[in-house]
Amino acid sequence: MLSRQGTALADGNTRWGEHDGDQTDLADRQALRRVSGLSTELEDVTEVEYRQLRLEKVVLAGVWTSGSTTDAENSIRELAALAETAGSQVLDGVLQRRTSPDPGTYLGKGKAEELRGIVDATGADTVVCDGELSPSQRRGLEDVVKVKVIDRTALILDIFAQHAKSKEGKAQVELAQYEYLLPRLRGWGESMSRQAGGQVGAGNGMGSRGPGETKIELDRRRIRAKMAKLRREIAEMKTSRVTMRDSRRRNAVPSVAIAGYTNAGKSSLLNRLTGAGVLVENALFATLDPTIRRAATPDGREFTLADTVGFVRSLPTQLVEAFRSTLEEVGDSDLLLHVVDGSHPDPESQITAVRSVLAELKGDVPKEIVVINKIDAADPEVIDRLILRESQVIAVSARTGEGIDKLLDLIQDELPRPDVQVEVLVPYDRGDLVSKIHERGEILSSEHVAEGTRISARVSAGMAHVLEPYRQEVAAS
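Worth saying up front: this structure is predicted, and the values here are computed from it rather than measured.

Chemist: Just to check I follow, could you spell out the packing of helix H9 (residues 266–274) against helix H14 (residues 404–414) for this structure?
Modeler: Geometry of a packed helix pair, given as the angle between the helix axes and the separation of the axes. The contact between H9 and H14 brings their axes to 11 Å, and the two run at 80°. The pairing of H9 with H14 is recorded here as roughly perpendicular in orientation. On H14, the residues that touch Leu269, Arg272 and Leu273 of H9 are Ile404, Leu407 and Leu408. Taken together, the residues that form the contact of H9 with H14 break down as five nonpolar, no polar and one charged.

Written as structure tokens, this is what we have:
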């Protein structure tokens, strides 16, 4: 199944052009590769929560509860792409048709035994399940297959932990990991049930005896304290971003946010429009940290372009909460470019997944333009289908540049226009004001006269206040 064309990463090679820059971040990422056969980890599967999550050879397992066979296979192939991005080698994948996952072992007991046979035959050291497992399901399946079992959420968190670079990004991922781990802490034997406090064993006698605190309670308390600290740190980091956002608002610089499914080509589109040189890689969640760059419309108006973290089907709730401050860039923008991978087998499901996550933000989603990317590799029938399905849509190729000029024209038409019309005569020694009018306003007419530059333009209220000393009556023009 996994060898068919789909969402699994084909060859790992990424083609980029001059607009993508030197890609030094990609070179750094590829400079470190895993070498198999060097692990010295314990065989005891009960150590799973306290080991570093390191995937090497994996078998995938999914439960197909609804939808078509194609939907189920697309989902398991996406899981394969996630596993490859995390650095593992996918050996096999299985799907079971059930009305609902088994409450004890996720797969049925018989299928779990079959999965153990596949694990033994392939030499896999990890099973990755295409869903979020309860602690009892994971423990039950581990007891059957005798290797480490993780779920889709843990896999995505591991990818985020590998790819986060900024201080804020690392803090957000760490918070999401703690939120995921807290309800899954469990003990084995006396290692977690022993008492960390109390003096009954110290021979201190009556009045000093108490049950104390068990090891698992101590770990939970420490995790909660760490989570509270991370939330405070993320809130403090948010202040600087809010300050920069307020500065853009004061200067009336329109903002455009890029959002979309992971690996849809958001960073490539940002590079094509601005030459930002952001990392481009054929991998899911290659870039996590938001990037904001300045761009200009064909008529010269400046606007900011913000690249946000990619979305995925069933994005873990912990990540949505942790990255909420980052995703606020979408809600505070004037226009949203929703990038869709036109070469994906099921782009409609990607659009639905992205919109469902945006709906969780409980904010005002700006006007949306659906940008169908990768048309150089897409089926023309799929492109036509999407164009008919969406109300405002444009097809482009960030790699070849096809359709980019039309996209810029569309952005120019959809961005809010300044609403204050002014007639000013700007002296020649204030060329900086003329430049700002061109960058942030809309020039209606311009004429050079002996006293300076006479301009009729539409500008923001703040810019109109700055230009007040040079204002002229309309009759003077």
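Chemist: Sorry, what's going on with helix H3 (residues 109–122) here?
Modeler: Counting along an α-helix, one turn takes 3.6 residues, and residues three or four places apart therefore face a common direction. Here H3 contains 14 residues, and its C-alpha end-to-end distance of 20 Å stays within 8% of the 20 Å for a straight helix at 1.5 Å per residue. Within H3, burial applies to Ala112, Leu115 and Val119. When H3 is viewed along its axis, its buried side chains cluster within an angular range of 55° and face the same direction. Exposed positions of H3 whose direction lies more than 90 degrees from the buried face are Asp120 and Ala121. In this structure, the buried residues of H3 make contact with strand S1 (57–64), strand S2 (89–97), strand S3 (126–129) and helix H4 (135–145).

Chemist: Help me out: how do you make sense of the packing of aromatic side chains in this one?
Modeler: Here the distance between the centres and the angle between the planes together describe a pair of aromatic rings. Following the criterion strictly, the structure yields zero aromatic pairs and no others. Here the guanidinium or amino end of Arg97 rests over the ring plane of Trp64, the centre of that ring lying 4.5 Å away.

Chemist: In this structure, what is going on with the pairing of strand S13 (residues 453–459)? I would like to understand it.
Modeler: Within a regular beta strand, the side chains point alternately toward one face of the sheet and then the other, so they alternate between its two faces. By the criterion of burial, S13 is predominantly enclosed, with five of the seven residues buried. With six bridges joining them, strand S12 (residues 442–448) and S13 adopt antiparallel strand pairing. Residue pairing for S13: Ser446 is matched across the bridge by Ile455. Once S12 ends, the chain turns through four residues before running back antiparallel as S13, passing Gly452 with a positive phi of about 160°.

Chemist: Even after reading the chapter, I still don't get the sheet that holds strand S8 (residues 335–341), so can you show me in this structure?
Modeler: Where strands meet in a sheet, backbone hydrogen bonds hold them as pairs that are either parallel or antiparallel. Read across the open sheet, the six strands follow the order S6-S7-S5-S8-S9-S10; overall the sheet is mixed. This sheet does not close on itself; its edge strands, each paired only once, are strand S6 (291–296) and strand S10 (393–395). Mean inter-strand twist for the sheet, computed between neighbouring axes without regard to direction, equals 25°. As paired elements, S8 and strand S9 (residues 367–373) share seven bridges and run parallel to each other. Across the sheet, Leu336 pairs through a bridge with Glu368, a residue of S9.

Conventions we followed
- Residues numbered from 1 in each chain as written.
- Predicted model: local features only at pLDDT ≥ 70, side-chain atom pairs only at ≥ 80, totals over all residues.
- Heavy atoms only, no water.
- Axes fitted to C-alpha atoms, helices over the stretch in contact; angles between N-to-C directions.
- Helix = DSSP H or I, 4+ residues; strand = E, 2+ residues; numbered from the N terminus.
- Parallel < 35°, antiparallel > 145°, perpendicular 65-115°, else oblique.
- Contact = heavy atoms within 4.5 Å.
- Nonpolar A, V, L, I, M, F, W, Y, C, P; charged D, E, K, R; others polar.
- Expected span 1.5 Å × (residues − 1).
- Buried < 20%, exposed > 50% of the residue type's maximum accessible area, 1.4 Å probe, protein only.
- Arc of directions from axis to C-beta.
- Phe/Tyr/Trp six-rings, centres within 6.5 Å; stacked < 30°, edge-to-face > 60°.
- Lys NZ or Arg CZ within 6 Å of the ring centre and 35° of its normal.
- Pairing = 2+ DSSP bridges.

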